[in-house]
Amino acid sequence: TSQPDPKLLIASLVRILFSPQLKPKKILLLYLSTSPLLLQAKHLPHLLLTVRLDFRFSQTHLRGSGTSLVSGSALINRGFKMESFFSRSTSVVAKLSFLALWIVFLISSSSFTCTEAYDALDPEGNITMKWDVMSWTPDGYVAVVTMFNFQKYRHIQSPGWTLGWKWAKKEVIWSMVGAQTTEQGDCSKYKGNIPHCCKKDPTVVDLLPGTPYNQQIANCCKGGVMNSWVQDPATAASSFQISVGAAGTTNKTVRVPRNFTLMGPGPGYTCGPAKIVRPTKFVTTDTRRTTQAMMTWNITCTYSQFLAQRTPTCCVSLSSFYNETIVGCPTCACGCQNNRTESGACLDPDTPHLASVVSPPTKKGVILPPLVQCTRHMCPIRVHWHVKQNYKEYWRVKITITNFNYRLNYTQWNLVAQHPNLDNITQIFSFNYKSLTPYAGLNDTAMLWGVKFYNDFLSEAGPLGNVQSEILFRKDLSTFTFEKGWAFPRRIYFNGDNCVMPPPDSYPFLPNGAFRPKFSFIAAVILPVLVFFFFSA
């Protein structure tokens with residue numbers, strides 16, 4: 001491509017620099033894009049003098065920059081200052097280019113969108129809250145709030161979700177069905193009927209199973225536990241009813257709450273602002289009538305493992321029948337901790353009176369901190385992938401999940417694995433299985449979870465703190481191999497958290513001269529031909 005005319009370039013540059021509509025970001029980006037040409041322009045000062053500045057400039061302030069563009073003789077002075085600036089040595093210009101690049105980075109970083117919540121295997125996973133105003137009251141409204149867990153493999157386990165927000169005005173909660181606030185707040189100005197909660201920023205939790213029926217609504221009272229969408233869609237929602245007072249009584253006077261927070265049960269979720277959408281429509285049980293909410297707004301919350309905890313929560317170990325090496329989890333994969341029975345500590349399984357240390361006498365309602373078994377990796381969960389057997393047309397893998405947490409049981413656990421051969425599973429034993437296709441045409445991801453009432457409960461650390469299963473794969477002779485770690489997973493998730501994999505160079509390797517399936521296939525074809533010619537000769 002031909003180089004641009006330097007005269008036209010500088011003329012355009014000067015006109016743009018003095019434009020009142022130009023923002024500081026564009027000035028810096030323009031400088032960066034033209035700086036290589038400025039370095040090559042040997043007669044740049046003379047070009048600046050020949051540029052006609054034949055248009056008017058009014059005194060204008062650039063937004064947010066505190067910089068003024070002036071008219072009259074000051075413009076001529078600025079032109080000479082620019083000539084002096086561009087006549088400096090190329091080294092100075094290079095330094096200024098680096099400085100401009102740094103400033104552009106600082107300015108533009110303020111407008112970047114955080115992508116920590118993005119999950120490559122579940123790109124559209126989120127928890128969506130639907131707030132439906134069902135009826136108006138003399139001083140507010142009655143609404144039904146429903147949370148849908150649209151995450152494929154991330155669920156909310158016990159002790160369940162905790163929802164919070166901040167009222168836009170001076171609203172109060174007169175009553176709730178299917179949930180309750182953790183604090184009532186200061187309701188001293190009310191006489192007679194006392195509101196359920198008067199706090200500006202209420203915190204709501206689900207009711208426990210066994211709640212009286214007159215305090216329940218559909219999809220409530222499960223202790224805040226919500227299953228993942230793939231695992232059990234019927235239990236992937238949670239609802240409660242709320243009666244709000246001191247609020248607007250029409251669509252124009254109601255103000256949506258703000259600053260929503262969701263704990264599930266710990267940190268990790270980030271909620272966006274409430275957005276008013278089309279009112280939800282409801283179909284009666286006989287499907288002959290449709291009603292709709294007075295007003296509806298949605299809140300979307302996404303999960304980030306980086307916000308949930310500082311360190312990983314699981315790791316992966318590997319082994320195979322063709323190599324005696326057992327590749328354990330990486331050292332300190334989930335952090336290195338001291339052998340002390342304090343918060344964030346570990347416990348040796350050979351400790352005397354182990355049970356009394358794990359469950360010491362405490363006051364009612366006190367939650368003990370996590371306590372994991374002292375291991376080299378220090379992870380609460382270890383997933384072991386063992387390449388067990390090789391057949392003519394199939395190969396078998398054994399998966400074992402071990403719990404090293406003394407104070408936590410995992411209910412409704414699930415495992416997500418990524419491997420090229422997961423698109424051709426022949427049989428899986430004692431686990432449920434669902435193929436995940438995060439992207440069209442890509443079927444290398446599978447979700448596994450326990451069979452209900454059999455092994456869907458992963459017990460705390462100890463002799464019963466593990467579950468295991470085997471998977472039988474059918475070979476694809478065009479891709480199957482035991483070489484270069486192909487038989488091991490690319491990625492493992494446990495309960496939605498990415499597990500730490502061993503480094504690829506440590507995978508169990510195929511010994512030299514070992515049996516390779518592709519050679520057996522060739523032999524199976526050539527050997528009968530040789531035998532036929534030998535006996536027919």
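Being a predicted model, the structure only gives us computed values, none of them experimental. (Residues numbered from 1 in each chain as written. Predicted model: local features only at pLDDT ≥ 70, side-chain atom pairs only at ≥ 80, totals over all residues. Heavy atoms only, no water.)

Draft legend 1. Spatial organisation of the overall build of the protein chain. Scanning the protein chain for helices and strands turns up eight helices and 30 strands. Among the 537 residues that make up the protein chain, the fraction classed as buried is 41%. About 30,300 Å² of surface is accessible on the protein chain, with carbon and sulfur atoms providing 58% of the total. (Helix = DSSP H or I, 4+ residues; strand = E, 2+ residues; numbered from the N terminus. Buried < 20%, exposed > 50% of the residue type's maximum accessible area, 1.4 Å probe, protein only. Areas by Shrake-Rupley, 256 points an atom, 1.4 Å probe, with all protein chains shown as cover.)

Draft legend 2. Spatial organisation of the environment of T250. Assignment of secondary structure puts T250 in the loop between β9 (237-245) and β10 (258-263). Given a relative accessible area of 35%, T250 falls into the partly exposed group. Taking the C-alpha atoms as reference points, T250 and M294, 44 residues apart in sequence, are found 8.7 Å from one another. A distance of 3.0 Å separates polar atoms of two side chains, one belonging to T250 and the other to T253. (Polar contact = N/O pair within 3.5 Å; in protein donor to acceptor, adjacent residues only side chain to side chain.)

Draft legend 3. Spatial organisation of the sheet that holds strand β25 (residues 431-436). Strands sit in the order β25-β26-β23-β29-β30 across an open sheet of five strands; the sheet is antiparallel. What marks the edges here is a single partner per strand, and that holds for β25 and β30 (497-498). Of the pairings in the sheet, the one linking β25 to strand β26 (residues 445-450) comprises six bridges and is antiparallel in character. Within β26, the residue paired with L436 across the bridge is T445. (Pairing = 2+ DSSP bridges.)

Draft legend 4. Molecular detail of the packing of aromatic side chains. Within this structure, the stated rule accounts for 26 aromatic pairs. Between W165 and W167 the ring centres are 5.5 Å apart and the planes differ by 85 degrees, which places this aromatic pair in the edge-to-face class. Pair check on accessibility: W165 and W167 agree, each one buried. Consider the rings of F488 and Y507, whose centres lie 5.5 Å apart with planes at 70 degrees: the pair is edge-to-face. Taken together, the positions of F488 in the loop between β28 (466-474) and β29 (491-494) and Y507 in the loop between β30 and α8 (517-536) put the pair 19 residues apart, joining distant regions of the chain. When its relative accessible area of 15% is taken as the criterion, Y507 is described as buried. (Phe/Tyr/Trp six-rings, centres within 6.5 Å; stacked < 30°, edge-to-face > 60°.)

Draft legend 5. Region of the structure containing a nonpolar patch on the surface. Taken together, Y118, Y439 and L442 make up a surface patch of nonpolar side chains, about 300 Å² in accessible area. The topology assignment puts L442 in the loop between β25 and β26. (Patch = residues over 30% accessible without salt bridge, like charges linked within 9 Å, V, L, I, M, F, W, Y side chains within 5 Å. Salt bridge = Lys/Arg side-chain N within 4 Å of Asp/Glu carboxyl O.)

Draft legend 6. Broad picture of unusual backbone geometry. That bond from S158 to P159 is cis: its omega, 10 degrees, falls within 30 degrees of zero. With respect to the helices, strands and loops of the structure, P159 is situated in the loop between β4 (140-149) and β5 (162-166). Positive phi is not limited to glycine here, since C332 has a value of about 55 degrees. Note that C332 resides in the loop between β17 (323-327) and β18 (346-347). Phi at S430 takes a positive value of approximately 60 degrees, unusual for a residue other than glycine. Inspection of the secondary structure puts S430 in the loop between β24 (425-428) and β25.

Draft legend 7. Region of interest: the sheet that holds strand β8 (residues 203-206). One open sheet holds the four strands; their spatial order is β7-β8-β5-β10, and the pairing between them is antiparallel. Every other strand in the sheet has two partners, leaving β7 (179-181) and β10 as the edge strands with one partner each. Each neighbouring strand pair of the sheet contributes to a mean axis angle of 20 degrees, computed without reference to strand direction. Taken together, the three bridges between β7 and β8 define a ladder with antiparallel strand orientation. Note that in β8 the partner of T181 across the bridge is V204. (Axes fitted to C-alpha atoms, helices over the stretch in contact; angles between N-to-C directions.)

Draft legend 8. Representation of the state of the cysteines within the structure. By the definition in use, this model includes eight disulfides. Disulfide partner of C271: C301, at an S-S distance of 2.0 Å. Taking the torsion about the S-S bond as the criterion, the C271 to C301 disulfide, at about 100 degrees, is right-handed. Within this pair, whereas C271 is found in strand β11 (residues 269-271), its partner C301 is found in strand β15 (residues 295-303), the two being separated by 30 residues in sequence. The pair C271 / C301 is uniform in exposure class, with both members buried. The disulfide bridge from C315 ends at C329, spanning 2.1 Å between sulfur atoms. (Disulfide = S-S within 2.5 Å.)

Draft legend 9. Expanded view of the pattern of salt bridges. Counted under the stated rule, the structure contains six salt bridges. In this structure, D119 engages R154 in a salt bridge whose closest nitrogen and oxygen atoms are separated by 3.5 Å. Note that D119 is positioned in the loop between α5 (90-109) and β3 (127-137) and R154 in the loop between β4 and β5, a separation of 35 residues in sequence. Like R154, D119 is buried. Between K199 and D201 there is a salt bridge; the shortest N-O distance is 3.8 Å. When its relative accessible area of 41% is taken as the criterion, D201 is described as partly exposed.

Draft legend 10. Region of the structure containing the nonpolar core. Counting 37 residues, the largest nonpolar core has W385, W395, I399, I401, W413, L415 and F494 as its most contacted members. Secondary structure elements with two or more residues in this core: β16 (314-320), β20 (381-390), β21 (394-403), β23 (414-418), β26, β28 and β29. Counting 35 residues, the second largest nonpolar core, distinct from the first, contains Y141, W165, I242 and M295. (Core = buried A, V, L, I, M, F, W, Y, C linked by side-chain atoms within 4.5 Å.)

Draft legend 11. Just the environment of R310, in detail. By the element assignment, R310 lies in the loop between α6 (305-308) and β16. Spatially, the C-alpha atom of R310 lies 9.1 Å from that of C334, the residues being 24 residues apart in sequence.

Draft legend 12. Region of the structure containing the confidence of the model for the protein chain. Model confidence for the protein chain is summarised by a mean pLDDT of 78, while 70% of its residues fall at 70 or above. Predicted confidence is poor over residues 20-93, with pLDDT under 50, and the contacts of this stretch with residues over four places away or in other chains come to 83 contacts. (pLDDT = per-residue confidence, 0-100. Contact = heavy atoms within 4.5 Å.)

Draft legend 13. Up close: the pairing of β29. In the sheet, β23 pairs with β29 via four bridges, with the strands oriented antiparallel. Opposite A417, over in β29, you have I492 as the bridge partner. As defined by bridge partners, β29 adjoins β30 across two bridges and the pair is classed as antiparallel. Opposite Y493, over in β30, you have N498 as the bridge partner.

Draft legend 14. Inspection of a positive patch on the surface at higher detail. Judged by side-chain charge, K166, K170, K189, K200 and R258 come together as a positively charged surface patch. Structurally, K166 can be placed in strand β5. Residue classification places K166 among the partly exposed positions, given a relative accessible area of 32%. (Lys, Arg positive; Asp, Glu negative; His and termini not counted. Charge placed at Lys NZ, Arg CZ, Asp CG, Glu CD.)

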